[in-house]
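If you want the building blocks of each chain, they are given just below.
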Amino acid sequence: MNKQILSSMAIAVCTLLFSCSDSTTGMNSTEESTDSFTTSSEYQGRPINMNYEDKIDSLIAEMTLEEKTGLLHGHSMFTTKAVERLGIPELKMADGPLGVREELERESWAPLGLEDDYATYYPAGAGLSATWNTELAYVFGNSVGEEARARNKDVILSPAINIIRTPVGGRTYEYFTEDPFLNKKLAVPFIVGIQENDVAACVKHYAANNQETNRDFVDVQIDERTLREIYLPAFKDAVTEAHAYSMMGAYNKFRGEYLCENDYMLNQVLRDEWGFKGIVISDWAAVHTTVNSLKSGLDVEMGTPKPFDEFFLAQPLIDSVKAGKISEEEVDKHVKRVLRLMFTLNSMGDTESHKEGSINTEAHFKDAYNIASESIVLLKNEKDLLPINTQEISSIAVIGANATKKNALGGFGAGVKTKREVTPLEGLKNRLPSDITINYAEGYQERYAPKKEAKFGEVTQSRTETIDELDPQLLEEALEAVRNSELTIIFAGSNRDYETEASDRADLSLPFGQEELIQKVLEINPNAIVVMIAGAPFEIENISKNTHSLVWSWFNGSEGGNALADVLIGEVNPSGKLPWTMPKKLEDSPAHATNSFPGDQTVTYDEGILVGYRWFDTKDIAPLYPFGYGLSYTDFSLSNLTANQKEYTKGDLIQLSVDVSNTGAFDGKEVVQVYVSKPNSKVERAAKELKGFAKQAVASGKTEQVTLAIPVKELAYFDASEMKWKVEPGTYKILVGNSSRNILQETEITIK
């Protein structure tokens, strides 16, 4: 087989440029006010339309109190109530992190069973993040936005951008990354892409929603500096850069107040500091009061089934107004926000100006494929067993239930009803020459123990318990397939029934007896290729030691199997990088090392700013695989790192350039990662922090120059005593590499 990667691999991804706006004058050059620390993006969203204020006021003047409150709460599972006599439609919502959810009955979670609500299944958030590609984040958002518009949705409940604080988190597969910078740089284009289709992104879950354990009531305690530097940057840029039209209030408490009635977070930070003009929608059944939630900044209450007129913002709100507990003017303020959004989305009056949208198309399946193909991470390839040389083999053993597992639906939470989900086995059948025999054996069974009731302080829902003993007959069938095949690929890992909303995992163990299966296969064929399919880390140190080739894939959408097969046979050179740290053991991760997960009724983030790789690098704890790690079938080198200046001031851009050389035999893409370190800082700092990245295609034997511009303001820390961002003067190290632990080029700069 000709292993040269197709020439399309050499098409360069646009270089990331970060610029900044300086709206402060007369301040000390090392200080920034809380509302001016901004980094503008190449992706800029369209703000809420403020040109219909008179029309909105006239509509509100004609509305009854009952009609007003109908706009502020669910009237079905995913809509508010229309005011037909005034031409005000329902505000129509849909779940969307993996694609547009199927249509449900109006008053229950039961699917309607339609034939026209199929949608594209897109890779989960962890897969998108592993691409380290902002262009693909925009493609994802725009593609799913087109599908939401085709289904006549006004709001898509996506993206989910909470920081990954613990590797056992039930929604780690759905969230983006452990790093606030990478988070915000992916979130902004994703949101912009959605909203270009007259669909509002509902960014979730605002905020500090970092565990499923006791999520309905746990009180999260985070110091102000950690909150601002780690947990809020992506939400802030979603507002200031992408102009997100809606935010979803989280279930949990923050500093003693539920987040759907948290004045500090919803009014003081979100609206007053960041200038948010959209609407705050509650997570489903996350509201606990009427007057307090409305005054504290909530706009729309959604929930699980109970009589809709019993919602806190339904009849109880009407009663509260009549009793003088809250003014009708306060109600009008929130109604105005909802109507403002409807006008912005062109859903009022003449809807012919709506974008038409499209759904379940080959173009969208190609979008899903492109994301999946760049997300796959090559963790190990010691003997260059990959890519597979299909001309040298006549038979392949495909082992493992994950070779045929589908993940579009499953678990607790939103999935996608799709007409196409290519499994890994189907992908191999689609891509391998017809004269290669595939010997498939299930190997292990996906089996679960009977559900147990959760104990207090354990999980929100009953935890998923697995049966981890191998079936002797299935094991023997798998080993026989290995003996009778020239090449073996094991598909192991997890699925969306095991990694699920509403329940955190107990540990990082592989379920279903898979580790034993893998070991027994390797005893027969030490060159077996192991492919993990999962959304979150697992404890795989022994597997990593014993195998020569290890690949990590994700819950990777409608075309996931084809993308994975193309990587395995070399039609695509892997370019994915881990969006989180893979620990050797759970106790090494910061929330667990500090014994501050999951808490009881309260959880305190004792690790502070040292989240993810910041903890591992600062504490000098060796991970199994570091943040940003991922190999290629080719070899890259970095050289000639230069900065345009040696000294900078607050308003400057640090303009960097570095040469990326492809010294191997394959075209490929490398992710240049820029970390910054501040030696001898007067405040606590991580050993290094990601402050820039660019994904660059480089043809075999060629060199490309990558340029990045980092605003000096990105080097600021948050001074909680003065509630200001400050850039500390002094010497900084610029560290450039291809993971947080593999720094290949360094230089120093000075901030005056």
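Further up the page is the structure itself.
What you see is a predicted model; the values in this text were computed from it and never measured.

**Student:** It is not clear to me how the overall build of the chain should be interpreted in this structure. Could you clarify?
**Tutor:** Check the secondary structure of the chain and you find 19 helices and 28 strands. For 752 residues, the compact-globule formula gives about 27 Å, and the C-alpha radius of gyration of the chain, at 26 Å, lands near that figure. In the chain, which comprises 752 residues, the share counted as buried stands at 65%. When the accessible surface of the chain is split by element, carbon and sulfur atoms take 44% of a total near 25400 Å². Once the 75 positive and 112 negative side-chain charges of the chain are each reduced to a mean point, those two points are 3 Å apart.

**Student:** For this particular structure, what's the right way to read the nonpolar core?
**Tutor:** Considering soluble globular proteins, one finds that nonpolar side chains tend to be buried as a cluster. By size, the foremost hydrophobic cluster in this structure holds 157 residues, and its most contacted members are Tyr 206, Phe 491 and Leu 568. By residue number, the principal contributor to this core is helix α5 (residues 180-195), which donates nine residues.

**Student:** Mind showing me how you'd approach the pattern of salt bridges here?
**Tutor:** Here the structure, examined in full by the defined rule, presents 49 salt bridges. Between Lys 322 and Glu 66 there is a salt bridge, with its nearest N and O atoms 3.9 Å apart. One end of the pair, Lys 322, is in helix α10 (residues 315-322); the other, Glu 66, is in helix α2 (residues 65-70), with 256 residues separating them in the sequence. Here Lys 322 falls in the exposed class, since its relative accessible area comes to 61%. The partner of Glu 501 in a salt bridge is Arg 215, and the shortest N-O contact between them spans 2.9 Å. Here Glu 501, found in the loop between β15 (487-493) and α15 (514-524), pairs with Arg 215, found in the loop between β6 (200-206) and β7 (219-221); they are 286 residues apart in sequence, far enough to count as distant. In this structure, a network of salt bridges that share partners links the residues Arg 171, Glu 174, Glu 212, Arg 215 and Glu 501.

**Student:** Got a minute to help me understand the sheet that holds strand β21 (residues 653-662) in this structure?
**Tutor:** In a beta sheet, neighbouring strands pair by backbone hydrogen bonds and run either parallel or antiparallel. Reading across from one edge, β19-β21-β24 is the order of the three strands in this open sheet, with antiparallel pairing throughout. The open sheet has two free edges, formed respectively by β19 (636-643) and β24 (703-711), since each of these has just one partner strand. When the angles between neighbouring strand axes are averaged without regard to direction, this sheet yields 25°. Two strands pair when backbone bridges link them, and β21 and β24 are joined in this way by nine bridges, in the antiparallel orientation. Along β24, the bridge assignment pairs Leu 656 with Leu 708.

**Student:** Looking at this structure, I do not really get the environment of Tyr 138. What am I missing?
**Tutor:** Assignment of secondary structure puts Tyr 138 in helix α4 (residues 134-150). Sequence spacing of Tyr 138 and Ala 250 is 112 residues, and the spatial spacing of their C-alpha atoms is 25 Å. Ignoring any residue separated from it by four or fewer positions in sequence, one finds Tyr 138 in contact with Tyr 43, Pro 189, Phe 190, Val 192, Gly 193 and Glu 196.

**Student:** Whenever I open this one, the packing of aromatic side chains confuses me. Can you help?
**Tutor:** Think of a pair of aromatic rings as described by two things: how far the centres are apart, and how the planes are tilted against each other in angle. According to the stated counting rule, one finds 27 aromatic pairs in the structure shown. Ring centres of Phe 181 and Phe 693 lie 6.2 Å apart, and the angle between their planes is 90°; on these two criteria the pair is classed as edge-to-face. Residue Phe 181 is located in helix α5, and its partner Phe 693 is located in strand β23 (residues 689-698); the two are separated by 512 residues in the primary sequence. Pairing Tyr 448 with Phe 512 gives two aromatic rings, centres 5.5 Å apart and planes at 90°, and the pair type is edge-to-face. Here the residue Tyr 448 occupies a position in the loop between β14 (437-441) and α14 (472-483), and Phe 512 occupies one in the loop between β15 and α15, the gap between them amounting to 64 residues.

**Student:** I keep staring at a negative patch on the surface and nothing clicks. Help me out?
**Tutor:** A cluster of acidic side chains, namely Asp 507, Glu 515, Glu 539 and Glu 587, defines a negative patch on the protein surface. As for its position among the elements, Glu 515 is in helix α15.

**Student:** I tried to follow the packing of helix α13 (residues 424-431) against helix α17 (residues 560-569) on my own but got confused; where do I start?
**Tutor:** For any two helices packed against each other, one specifies the crossing angle of their axes together with the interaxial distance. One can describe the packing of α13 onto α17 by two numbers: an axis separation of 7 Å at closest approach and a directional angle of 60°. Here α13 is positioned oblique relative to α17, judged by the angle of their axes. Between α13 and α17 lies a crossing whose hand is right-handed. Contacts from Pro 424, Gly 427, Leu 428, Asn 430 and Arg 431 of α13 reach α17 at Gly 561, Asn 562, Leu 564, Ala 565, Asp 566, Leu 568 and Ile 569.

**Student:** How should I be thinking about the sheet that holds β7 in this particular structure?
**Tutor:** Pairing within the open sheet is mixed, and its four strands lie in the order β10-β9-β7-β18. At either end of the open sheet lies a strand with only one pairing partner, and these are β10 (257-258) and β18 (602-604).

Conventions adopted
- Every chain's residues receive numbers from 1 upward, in the order its sequence appears when written.
- In view of the model being predicted, local features appear only for residues whose pLDDT reaches at least 70, and side-chain atom pairs are presented and counted only at 80 or more, with totals across whole chains, interfaces and linings using the full set of residues.
- The side-chain values count all of the structure's non-hydrogen atoms but skip hydrogen atoms and water molecules.
- Strands are runs of DSSP state E lasting at least 2 residues, helices are runs of H or I lasting at least 4, and numbering of each runs from the N terminus.
- For this measure, only C-alpha atoms enter the radius of gyration; the expected value for a globule follows 2.2 Å times N^0.38, where N is the number of residues.
- Under the scheme applied here, a residue whose accessible area is under 20% of the maximum for its type counts as buried, over 50% as exposed, and between as partly exposed, the area being computed with a 1.4 Å probe on protein chains only.
- Computed by Shrake-Rupley with a 1.4 Å probe, the accessible areas treat only the displayed protein chains as cover when residues are assessed.
- Charged residues are defined here as Lys and Arg on the positive side and Asp and Glu on the negative side; His and the ends of the chain fall outside this count.
- A single reference atom marks each charge: NZ on Lys, CZ on Arg, CG on Asp, CD on Glu.
- To qualify as a nonpolar core, a set must consist of buried Ala, Val, Leu, Ile, Met, Phe, Trp, Tyr and Cys residues joined through side-chain atoms within 4.5 Å.
- What makes a salt bridge here is a side-chain nitrogen of Lys or Arg within 4 Å of a carboxyl oxygen of Asp or Glu, nothing more.
- In short, DSSP must find at least two bridges between two strands for them to pair.
- The axes used here are C-alpha line fits, helices contributing only the stretch in contact, and every angle between their N-to-C directions lies in the interval 0 to 180 degrees.
- Here a residue-residue contact requires only that any non-hydrogen atoms of the pair lie within 4.5 Å.
- Geometry of aromatic contacts follows a simple scheme: Phe, Tyr and Trp rings, the Trp one being its six-membered ring, pair when their centres are within 6.5 Å, and the pair is stacked under 30 degrees between planes, edge-to-face over 60, tilted otherwise.
- The patches described consist of residues with a relative accessible area above 30% and no salt bridge, like charges being joined within 9 Å and nonpolar side chains (Val, Leu, Ile, Met, Phe, Trp, Tyr) within 5 Å.
- Orientation labels follow simple angle bins: below 35 degrees gives roughly parallel, above 145 gives roughly antiparallel, 65 to 115 gives roughly perpendicular, and whatever is left gives oblique.
- The hand of a helix crossing depends on one turn: near helix anticlockwise from the far one by less than a right angle means left-handed, and clockwise means right-handed.

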